[in-house]
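Chain by chain, the residues run as shown.
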Amino acid sequence: MTPARSLRPYRSSDGVIVARQEIRDLWLGGRGLALTLGFSVLLSVISYLVATNQALNYLEQRETVNLTLQVAIAVGALLALLAAANAISGERERGSLESLLVTPVSRSGLAAGKLVAALTLWLAAYVVTVPYVWFLGRDVGAVGDALLTGAVVGTLLAVFLAALGIVISIASDSNRLSLSVSLFVLLALYAPGQLPSGAQKGWFGEMLVRVNPMTAGSHVVDRIVISGSSWGDQLPWLAAPVVGALIGVAAVLVAAQRMRLHGKGTG
């Protein structure tokens with residue numbers, strides 16, 4: 001039987017309560033710190049290579065900033081996706097979802113709180129990225145543009161992927177299934193960006209890149225950081241990440257209403 005409280009409307013206070021608890025568990029439990037440390041090591045290696053390796057010296061400084069920022073956005077958003085993919089299916093697998101569903105918190109509030117907690121991993125990744133971008137771009141005046149672009153595009157993509165992870169987690173009975181599907185979808189989203197440049201210039205290839213939040217976001221970062229393009233010129237390309245983030249949040253709130261003790265909306 002579905003608990004009566006699932007019919008209660010979403011209240012912002014519900015999301016705040018859940019988010020506080022989830023953030024506390026994520027960071028005080030050490031998982032968030034461990035993931036951020038791993039991200040820092042990866043970014044350090046990449047920054048060192050692009051700054052000093054003779055084989056990569058053909059890259060101009062703006063290109064090194066762009067490469068570092070692109071990796072930071074991709075990995076930071078991936079961390080948010082992984083945390084979100086574990087959010088509901090993890091509770092279900094551990095047998096703790098039932099106790100959450102009978103608490104006086106709406107299901108939408110539960111999902112929204114877990115979404116916010118997952119996004120703190122992206123926030124931490126961005127904070128870690130700041131000194132690397134400053135170091136690599138300080139001599140070419142690319143720091144301000146890169147940090148602003150990274151904050152806007154990275155946040156939109158992190159929201160999109162984290163929301164996607166929450167929806168998949170709600171429908172999955174196990175963490176293994178949730179993580180597998182989430183990573184498969186992520187690879188599929190990045191696939192259009194790997195098309196040959198000639199294929200991307202055709203109308204169909206350009207459409208695939210333009211409507212895909214991941215590839216469109218990467219395009220915006222590339223054009224602003226390397227080419228110095230204005231935000232006004234890139235607004236059409238920024239539409240996909242914005243729409244993706246909005247649809248993702250809406251999907252989380254809708255899917256939360258179908259949250260059950262078992263996946264795929266069955267109770």
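Residues numbered from 1 in each chain as written. Predicted model: local features only at pLDDT ≥ 70, side-chain atom pairs only at ≥ 80, totals over all residues. Heavy atoms only, no water.

## A short note on the nonpolar core
Burial of nonpolar side chains together is a common tendency in soluble globular proteins. Core analysis: the biggest nonpolar cluster contains 67 residues, and Phe39, Leu69, Leu161, Ala162, Ile166, Met214 and Met259 have the highest contact counts within it. When residues of this core are assigned to their parent elements, the largest contribution, 14 residues, is made by helix 7 (residues 143-171). The residues contacting Met214, other than those within four sequence positions of it, are Leu157, Phe160, Leu161, Leu186, Leu189 and Tyr190. (Core = buried A, V, L, I, M, F, W, Y, C linked by side-chain atoms within 4.5 Å. Buried < 20%, exposed > 50% of the residue type's maximum accessible area, 1.4 Å probe, protein only. Helix = DSSP H or I, 4+ residues; strand = E, 2+ residues; numbered from the N terminus. Contact = heavy atoms within 4.5 Å.)

## Remarks on the pattern of salt bridges
The tally for this structure, following the rule as stated, stands at four salt bridges. Residue Lys114 is joined to Glu22 by a salt bridge in which the shortest nitrogen-to-oxygen separation is 3.0 Å. Here Lys114, found in helix 6 (residues 107-137), pairs with Glu22, found in helix 1 (residues 12-28); they are 92 residues apart in sequence, far enough to count as distant. The same class applies to Lys114 and to Glu22, which are both buried. Of the charged contacts, one joins Glu91 and Arg94 as a salt bridge, the two residues approaching to 3.8 Å between their closest N and O atoms. Placement of the pair is Glu91 and Arg94 together in helix 4 (residues 87-94), with a separation of three residues, close to one helical turn. Glu91 sits in the buried class, given a relative accessible area of 11%. The exposure class of Arg94 is exposed, given its relative accessible area of 53%. Via salt bridges that share partners, Glu22, Glu91, Arg94 and Lys114 belong to a single interconnected network. (Salt bridge = Lys/Arg side-chain N within 4 Å of Asp/Glu carboxyl O.)

## Some remarks on the side chain of Ser229
Following the sequence through the fold, Ser229 ends up in the loop between helix 11 (213-225) and helix 12 (231-256). Judged by relative accessible area, Ser229 falls into the buried class, the value being 18%. There is a polar contact of 2.9 Å between the side chain of Ser229 and the side chain of Gln234. Contact partners of Ser229, with chain neighbours within four places excluded, come to Arg223, Ile224 and Gln234. (Polar contact = N/O pair within 3.5 Å; in protein donor to acceptor, adjacent residues only side chain to side chain.)

It is worth stressing that arrangement in space is one thing and function is another; only the former is reported here.
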